Amino acid sequence: MLLHLGDEEVIHSKDVLAILDINALKTSELAKEFLKKHEKNQTLTDLSGNAAKSVIITDKTIYMSPLSASTLKKRASDRLELENGWNIK
């Protein structure tokens, strides 16, 4: 299923490795290095216009999204349940 990340960017939910809250990353030097490395390698896509609330990690690209991690996790979970025929609302 597809997952909308913001700013008209859509990816396959199966490609998502992690969805992280940006506030948790701001205090980590390792996370800052990780993001800088991907920015340097041009594998970081900022969809937020410098107002990121979450970071989505895939095997090829790191996305910074204006949507909260909880919103993205809920969207991904709802779509997975729908895809597998669980809990259809």
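I will try to describe carefully the structure that is included in this document. The structure presented is a predicted model; accordingly, all values stated were derived computationally and were not measured. (Residues numbered from 1 in each chain as written. Predicted model: local features only at pLDDT ≥ 70, side-chain atom pairs only at ≥ 80, totals over all residues. Heavy atoms only, no water.)

1. What about the overall build of the protein?
A count of helices and strands for the protein gives three helices and six strands. Taken from N to C terminus, the helices and strands of the protein fall in the order β-β-β-α-α-β-β-β-α. For the protein, with 89 residues in total, the buried portion stands at 30%. Summed over all atoms, the accessible surface of the protein reaches about 6,000 Å², with 52% contributed by carbon and sulfur. (Helix = DSSP H or I, 4+ residues; strand = E, 2+ residues; numbered from the N terminus. Buried < 20%, exposed > 50% of the residue type's maximum accessible area, 1.4 Å probe, protein only. Areas by Shrake-Rupley, 256 points an atom, 1.4 Å probe, with all protein chains shown as cover.)

2. Digging into helix H2 (residues 29-40)
With 12 residues, H2 extends 16 Å from end C-alpha to end C-alpha; this agrees with the ideal 16 Å at 1.5 Å per step. When H2 is considered as a whole, its buried residues turn out to be Ala31, Leu35 and His38. End-on view of H2: buried residues confined to an arc of 65 degrees, all on one side of the axis. When the buried face of H2 is taken as reference, the exposed residues oriented beyond 90 degrees from it are Glu29, Leu30, Glu33, Lys36, Lys37 and Lys40. Where H2 is buried, its residues touch helix H1 (22-26), strand S4 (44-46), strand S5 (54-58) and strand S6 (62-65). (Expected span 1.5 Å × (residues − 1). Arc of directions from axis to C-beta. Contact = heavy atoms within 4.5 Å.)

3. A word on the pattern of salt bridges
One pass over the structure, following the stated rule, counts one salt bridge. Between glutamate 29 and lysine 32 there is a salt bridge; the shortest N-O distance is 3.6 Å. Here glutamate 29 pairs with lysine 32, and both are found in helix H2, just three residues apart, close to one helical turn. A relative accessible area of 52% places glutamate 29 in the exposed class. (Salt bridge = Lys/Arg side-chain N within 4 Å of Asp/Glu carboxyl O.)

4. So, the environment of tyrosine 63
The topology assignment puts tyrosine 63 in strand S6. For the pair formed by tyrosine 63 and leucine 44, sequence separation is 19 residues and the distance between their alpha carbons is 5.9 Å.

5. Details of the sheet that holds strand S3 (residues 16-21)
Spatially, the four strands line up as an open sheet ordered S3-S5-S6-S4, and their pairing is mixed. Edge positions in the sheet fall to S3 and S4, since each of these pairs with one other strand and no more. In this sheet, neighbouring strand axes are inclined to one another by 15 degrees on average, regardless of whether the strands run parallel or antiparallel. Both S5 and S6 contribute to a ladder of four bridges, which runs antiparallel. Counted as the bridge partner of isoleucine 56 is tyrosine 63 from S6. (Pairing = 2+ DSSP bridges. Axes fitted to C-alpha atoms, helices over the stretch in contact; angles between N-to-C directions.)

6. Examining the side chain of serine 54
Inspection of the secondary structure puts serine 54 in strand S5. Looking at serine 54, the relative accessible area reads 0%, which means it is buried. A polar contact of 2.6 Å, which involves the side chain of serine 54, links it to the backbone oxygen of leucine 67. Not counting residues within four places of it along the chain, the set of residues in contact with serine 54 comprises Leu20, Ile22, Tyr63, Met64, Ser65, Leu67, Ser68, Ala69 and Leu72. (Polar contact = N/O pair within 3.5 Å; in protein donor to acceptor, adjacent residues only side chain to side chain.)

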